[in-house]
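Examination of the molecular architecture
Here is what each chain is made of, one letter per residue.
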Amino acid sequence: QVQLVESGGGLVQPGGSLRLSCAASGSIFSIDDMGWYRQAPGKERELVATITSSGSTNYADSVKGRFTISRNNAKNAVYLQGNSLKHEDTDVYYCDADVIVFVGRRPSNCWGQGTQVTVSS
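Let me begin by describing the structure that accompanies this report. (Residues numbered from 1 in each chain as written. Predicted model: local features only at pLDDT ≥ 70, side-chain atom pairs only at ≥ 80, totals over all residues. Heavy atoms only, no water.)

**Considerations on the pairing of strand β7 (residues 67-72)**
- The side-chain alternation of β7 yields one buried face, formed by F67, I69 and R71, and one unburied face, formed by T68, S70 and N72.
- Pairing geometry for β7 and strand β8 (residues 77-82), over six bridges, is antiparallel. Note that in β8 the partner of F67 across the bridge is G82.
- The hairpin formed by β7 and β8 contains four residues between the paired strands, and N76 there has a positive phi angle of roughly 50 degrees. (Buried < 20%, exposed > 50% of the residue type's maximum accessible area, 1.4 Å probe, protein only. Helix = DSSP H or I, 4+ residues; strand = E, 2+ residues; numbered from the N terminus. Pairing = 2+ DSSP bridges.)

This is the structure we're talking about:
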């Protein structure tokens with residue numbers, strides 16, 4: 001069983017920064033795409049940033065220039081650095097990964113439980 005666990009969320013003032021981490025554990029052969037999504041109460045989950053196994057990144061327009069996604073393949077981990085945080089960034093942030101459990105198998109999409117980010121003065 002593959003498990004994704006997020007950490008690093010918390011309370012930060014507007015203009016502040018947070019670094020979110022997500023580590024995948026379990027029987028893992030490799031991981032393809034990884035990403036971060038966020039969801040506010042009553043709204044659909046939305047894409048924040050994605051990163052491929054080779055390091056190509058994609059960002060939502062709302063976070064471009066402020067957020068940076070990165071990964072450490074050796075640790076099966078993905079990170080999200082958020083700077084100049086705004087009140088609108090307040091959400092539960094979820095880690096996503098396309099995990100290959102066995103060689104030759106198609107990736108399975110896995111989600112973490114989420115970590116709360118609150119931007120407030």
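**Remarks on the side chain of R66**
- Along the chain, R66 falls in the loop between β6 (57-59) and β7.
- Accessibility expressed as a relative area gives 11% for R66, which makes it buried.
- Among the polar contacts listed, one links the side chain of R66 to the backbone oxygen of S84, at a separation of 3.1 Å.
- Only 2.8 Å separates the side chain of R66 from the side chain of D89, close enough to count as a polar contact.
- Those residues within four positions of R66 in sequence are excluded, and the remaining contacts are Q81, G82, N83, S84, L85, K86 and D89. (Polar contact = N/O pair within 3.5 Å; in protein donor to acceptor, adjacent residues only side chain to side chain. Contact = heavy atoms within 4.5 Å.)

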